[in-house]
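Survey of secondary and tertiary structure
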Amino acid sequence: MQIAIDGPASAGKSTVAKLVAKQLNYVYCDTGAMYRCVTLLVLRRGVAPDDAAAVTALLKDVKISFKPSADGQLVFLNGEDVSLTIRQEDVTNNASAVAAIPAVRTALTDQQRAIADAGNIVMDGRDIGTTVLPHAELKVFMVASVEERARRRFLDNQEKGIDVPVETLEKEIAARDHKDSTRKTSPLKQAADAVLLDTTSLSIEEVVAKIVSLYQERR
Ligand code: C5P
């Protein structure tokens, strides 16, 4: 069975998807981490994130892998553990430009489908229900207000020692939503058959329980 969880930036998708996968003993795939890996290499090579030709040329040098860990999974780029590095602000704020390049999407979509082919999966991202796994048995589209998402990211950042004011985060999140929803290839969009879940006033546990119950209804 395939579970697709999509939604805008910082709606809590990864946290929830990880917990759902753990509870159901499914594989978890964080597709945002894959776009972040490409973005990290783009920045390291000094390539402009919106230079489609240069970014496309660099794709052959990207090898992404995941390894399960105690609190979810580690992300490797060409053998290097980049789990923390890909969460830095410069990567976060440039990922939408890189993710808008069609060749990047094709390459990562192929890898994501190969991962899903291996068995039961919970995959989160922006286009999983619409493009990557259009036949997923359960599709959830998670949303929350911009204010609430900025608040959650602020608390997250504090734990990581990243210091960005909540007002700046609100602007960055809104800008990322806009870029992700208006790009030509696979924009962020609720699939026609996805269940809309507004998590603004729900706890993580409540969201996980809701998704698990939707899953049980479909088994
Ligand atoms: O989910 P996360 O915030 O880690 O994703 C980082 C960026 O990667 C998003 O802002 C979006 O531009 C891109 N992305 C995407 N399609 C996906 C997952 C992420 O375009 N399936």
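Residues numbered from 1 in each chain as written. Predicted model: local features only at pLDDT ≥ 70, side-chain atom pairs only at ≥ 80, totals over all residues. Heavy atoms only, no water.

We apply this condition: UniProt positions are given in the numbering used here, feature names are shortened, and annotations may be inferred rather than shown by experiment.
Where an unreviewed UniProt entry is consulted, the protein appears under the name Cytidylate kinase, with the organism given as Lacticaseibacillus pabuli. Its UniProt record, at the heading Subcellular location (unreviewed entry), says of the protein: "Cytoplasm".

1. Let's talk about the UniProt feature "domain: Cytidylate kinase" (unreviewed entry) in the protein
Our working rule: Helical segments are the DSSP runs of H or I of at least four residues, strand segments are the runs of E of at least two, and each set is numbered from the N terminus.
Mapped onto this numbering, the UniProt entry annotates "domain: Cytidylate kinase" (unreviewed entry) at residues 3–216. For the annotated span residues 3–216, helix accounts for 51% and strand for 17% of the residues, and the straight-line distance between the end C-alpha atoms is 12 Å.

2. Observations regarding the pattern of salt bridges
Our working rule: Any Lys or Arg side-chain nitrogen located within 4 Å of an Asp or Glu carboxyl oxygen qualifies as a salt bridge. The classification of residues rests on relative accessible area computed with a 1.4 Å probe and restricted to protein chains. Under 20% of the type maximum is buried, over 50% is exposed, and intermediate values are partly exposed.
Under the counting rule described, the total for this entry stands at 13 salt bridges. Here R87 makes a salt bridge to D30, at a shortest N to O gap of 3.1 Å. Of the two residues, R87 sits in the loop between β5 (80–81) and α4 (89–99) while D30 sits in strand β2 (residues 27–30), which places them 57 residues apart along the sequence. Judged by relative accessible area, which is 23%, R87 ranks as partly exposed. When its relative accessible area of 8% is taken as the criterion, D30 is described as buried. Here D127 ties to R105 by a salt bridge, and the two come within 2.9 Å at their closest N and O atoms. A residue pair is termed long-range when its members are at least 10 positions apart, and D127 in the loop between β6 (121–125) and α6 (128–132) and R105 in helix α5 (residues 102–117) qualify at 22 residues.

3. Observations concerning the site of the ligand
This is how it is decided: Put simply, a residue is near a molecule or strand once any heavy atom of it comes within 4 Å of that molecule or strand. Definition of a polar contact: a pair of N or O atoms within 3.5 Å, with one able to donate and the other able to accept a hydrogen when the atoms are protein atoms, and with sequence-neighbouring residues admitted only if both atoms are side-chain atoms. Surface accessibility follows the Shrake-Rupley procedure with a 1.4 Å probe radius. Residue values consider only the protein chains on display as shielding.
Neighbouring the ligand are 16 residues, the closest being R36, R105, D127, R176 and D180. Here R36 contributes a side-chain N or O atom positioned 2.6 Å from an oxygen atom of the ligand. Here an oxygen atom of the ligand and a side-chain polar atom of R183 are 2.9 Å apart. If the ligand stood free it would expose 450 Å²; the protein chains cover 97% of that surface. Listing elements by their share of the shell around the ligand, those giving two or more residues are α2 (31–44), α4 and α8 (166–182).

4. A look at α8
Quick reminder of the rule: By this rule, a helix spans an expected 1.5 Å times one less than how many residues it contains. The arc in question is the one spanned by the directions pointing from the helix axis to the C-beta atoms.
Helix length check: α8, at 17 residues, gives a terminal C-alpha distance of 24 Å against a target of 24 Å (1.5 Å per residue), a fit within 8%. By the burial criterion, the buried members of α8 are L169, I173, R176, D177 and D180. One side of α8 holds all its buried residues, which, seen down the axis, span an arc of 105 degrees. For α8, the exposed residues lying more than 90 degrees away from the buried face are E167, K171 and H178.

5. Considerations on unusual backbone geometry
Unlike most non-glycine residues, N25 shows phi in positive territory, near 60 degrees. Here N25 is to be found in the loop between α1 (13–24) and β2. For N25, a relative accessible area of 72% gives the class exposed.

6. Re the confidence of the model for the protein
Where we set the bar: Known as pLDDT, the predictor's confidence for each residue is given on a scale from 0 to 100.
Per-residue confidence for the protein averages 96 on the pLDDT scale, and 100% of its residues sit at or above 70. In the predicted assembly, ipTM is 0.98 and pTM is 0.96.

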